[in-house]
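Structural description and commentary
Chain by chain, the residues:
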Amino acid sequence: GFRLEQFWVGARNLSLKRLNTVLLTRGIQGVVVMPFEESQDWSEADWSRLSAVRLDYCLSQHVLQTICPEHHGSLLRSAGRLRERGYRRIGLYVRRANEARILFGWRAAFLGFHLTIPREEQVPPLVFASPDREEFLRWVEAHRPDVIIGHHTDAIGWLADRGMRVPEDVGFFNLNTTQDPYPAAGLDLLPRQLGAAAVESVVAQIQRTERGIPAHAK
């Protein structure tokens, strides 16, 4: 029985103060905050009349109820399954802003995974500010991973430029196959299920008349 409206917030769209006015005048009670490329400070948003969730850890201010994939455990399990398939030198290649937004869940899991394998099989993660072909290829040549976990599939083309075939010469495991549909093994983060869980949470809050910033966010 609910209807969905979409609002774009940002420099060329609605300001947070304008969004507050729009939500109030339209009588909107519930909000789902979609993920951003980098965390955003939404301290100017007025949550006092709203039931809300955020998808992923996309807000630095404030802390709302959160629906997100289990990044840390997903990477740990994926690395373990890659080892079961015979890969020994597993590399991690991720963007710094994406890492920060998920509270460094990927790198924490990856470095924890290193504690379970021999030192000579450990590959230091490559964390980049923006995609850099030469930096990536230097890392590959220096550490020789036999499979790379990452979310930037342009790297597959860079490997091909150096005569390395995927998956014959080096494997590639995509951290989010729904965001980047390049044909590679990887994680399906189940966006329909995440969206359904977010809507379910907001509706439940509305029905329980729970409004504002929660004292103990779930």
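Now for a description of the structure that goes with this document. (Residues numbered from 1 in each chain as written. Predicted model: local features only at pLDDT ≥ 70, side-chain atom pairs only at ≥ 80, totals over all residues. Heavy atoms only, no water.)

Now for the overall build of the protein. When helices and strands are tallied, the protein shows seven helices and ten strands. Summarising its shape, the C-alpha atoms of the protein cover approximately 60 × 35 × 30 Å along the three principal directions. Counting only residues that meet the buried cut, the protein has 41% of its 218 residues in that class. Across the protein, every contact between residues at least 6 apart in sequence was considered, and the portion connecting residues at least 24 apart equals 54%. Total accessible area on the protein stands at roughly 12500 Å², and carbon and sulfur atoms take up 51% of it. Distance from the positive charge centre (27 side chains) to the negative charge centre (25 side chains) of the protein: 4 Å. (Helix = DSSP H or I, 4+ residues; strand = E, 2+ residues; numbered from the N terminus. Buried < 20%, exposed > 50% of the residue type's maximum accessible area, 1.4 Å probe, protein only. Contact = heavy atoms within 4.5 Å. Areas by Shrake-Rupley, 256 points an atom, 1.4 Å probe, with all protein chains shown as cover. Lys, Arg positive; Asp, Glu negative; His and termini not counted. Charge placed at Lys NZ, Arg CZ, Asp CG, Glu CD.)

For the rest of this paragraph, the subject is the nonpolar core. Leu 75, Ile 90, Leu 92, Trp 106, Ile 149 and Leu 175 are the most contacted members of the largest nonpolar core, which totals 19 residues. Taken together, the elements giving at least two residues each to this core come down to α2 (71-84), β6 (90-95), α4 (105-114) and β8 (147-150). Here this core gets four residues from one element, more than from any other, and that element is α4. Not counting residues within four places of it along the chain, the set of residues in contact with Ile 90 comprises Ala 79, Leu 82, Arg 83, Phe 110, Phe 113, Glu 121, Val 123, Asp 146, Val 147 and Ile 149. Counting 16 residues, the second-largest nonpolar core is a separate cluster that includes Val 140, Ala 155, Trp 158 and Leu 159. (Core = buried A, V, L, I, M, F, W, Y, C linked by side-chain atoms within 4.5 Å.)

Turning our eyes to something else, we now look at α2. Counting along an α-helix, one turn takes 3.6 residues, and residues three or four places apart therefore face a common direction. Helix length check: α2 (14 residues) gives 20 Å between terminal C-alpha atoms against 20 Å at 1.5 Å per residue, within 8%. Taken as a whole, α2 has its buried residues at His 71, Gly 73, Ser 74, Leu 75, Ser 78, Ala 79, Leu 82 and Arg 83. With its phi angle positive at about 105 degrees, Gly 86 sits one or two positions after the end of α2. (Expected span 1.5 Å × (residues − 1).)

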